[in-house]
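# An overview of the molecular structure
Chain by chain, the residues run as shown.
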Amino acid sequence: MLSCELRRISMLSPSEISTYIDKAAQNVVQYYIANKISIATAESCTGGMLASAITSVSGASEMFECGVVTYSEKIKSELLEIPQDFIDRYGVVSDEVALAMAVAVLEKSGADVGVGITGIAGPTGGTEEQPVGTIYVSVVTKGNDITENLALSEPESGVDVRLRNRLMAVLYSLETALEILK
């Protein structure tokens with residue numbers, strides 16, 4: 001569940017959320033470089049936005065191992081080697097698959113931190129059981145993991161729900177990438 005602060009930020013415009021992302025990405029890059037920590041990402045619904053946010057910061061090459069966009073089940077299964085029966089059992093949008101994505105990219109890259117993101121950004125694709133805004137983010141280290149359903153609520157009318165949900169997943173991922181190490 002999002003913290004009160006992140007819930008408040010989620011009500012801002014996409015351009016305002018992007019400002020928070022830029023600052024969070026700078027903080028992650030600076031902290032990771034200073035502490036000789038590396039990160040790798042496996043993204044689905046964010047389509048590489050997390051990797052882009054990190055690599056937009058000068059010096060990111062010192063701490064960023066790789067980013068993969070595994071949008072389809074087939075690629076999650078083939079590239080990340082998440083068994084198809086595992087995806088079938090838990091559903092492609094689940095905490096189990098987000099965690100499996102994070103663990104796979106961590107192991108394949110040799111990074112210190114792995115991030116997996118999967119979800120329903122919207123505005124279509126939601127169901128009663130998994131409404132738009134159901135986005136699972138998993139951040140793992142070799143000894144710890146944090147996996148969360150962001151359960152984003154509907155924004156004010158006129159807001160691009162898809163963009164807002166994707167941005168919030170990126171912001172949460174960056175915040176958690178710092179939190180898991182402290």
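Residues numbered from 1 in each chain as written. Predicted model: local features only at pLDDT ≥ 70, side-chain atom pairs only at ≥ 80, totals over all residues. Heavy atoms only, no water.

This brings us to the side chain of Glu43. Positionally, Glu43 belongs in strand S1 (residues 39-43). Here Glu43 is buried and forms no salt bridge, its nearest opposite-charge partner Arg166 lying at an N-O distance of 7.0 Å. Of note is the side chain of Glu43, whose polar atom sits 3.3 Å from the backbone nitrogen of Gly48. At 3.0 Å, the side chain of Glu43 and the backbone nitrogen of Ala51 are in polar contact. (Helix = DSSP H or I, 4+ residues; strand = E, 2+ residues; numbered from the N terminus. Buried < 20%, exposed > 50% of the residue type's maximum accessible area, 1.4 Å probe, protein only. Lys, Arg positive; Asp, Glu negative; His and termini not counted. Salt bridge = Lys/Arg side-chain N within 4 Å of Asp/Glu carboxyl O. Polar contact = N/O pair within 3.5 Å; in protein donor to acceptor, adjacent residues only side chain to side chain.)

Strand order in the open sheet formed by five strands is S2-S1-S3-S4-S5, with mixed pairing between adjacent strands. Of all strands in the sheet, those bounded by a partner on one side alone are strand S2 (64-69) and strand S5 (145-149). Recorded for the sheet is a direction-independent mean angle of 10° between the axes of neighbouring strands. Here five bridges tie S1 to strand S3 (residues 113-119), and the two strands are oriented parallel to one another. Across the sheet, residue Ala40 finds its bridge partner in S3, namely Gly114. Against the sheet, helix H7 (residues 161-179) touches S1, S3, strand S4 (135-141) and S5, its axis set at about 20° to S4. (Pairing = 2+ DSSP bridges. Axes fitted to C-alpha atoms, helices over the stretch in contact; angles between N-to-C directions. Contact = heavy atoms within 4.5 Å.)

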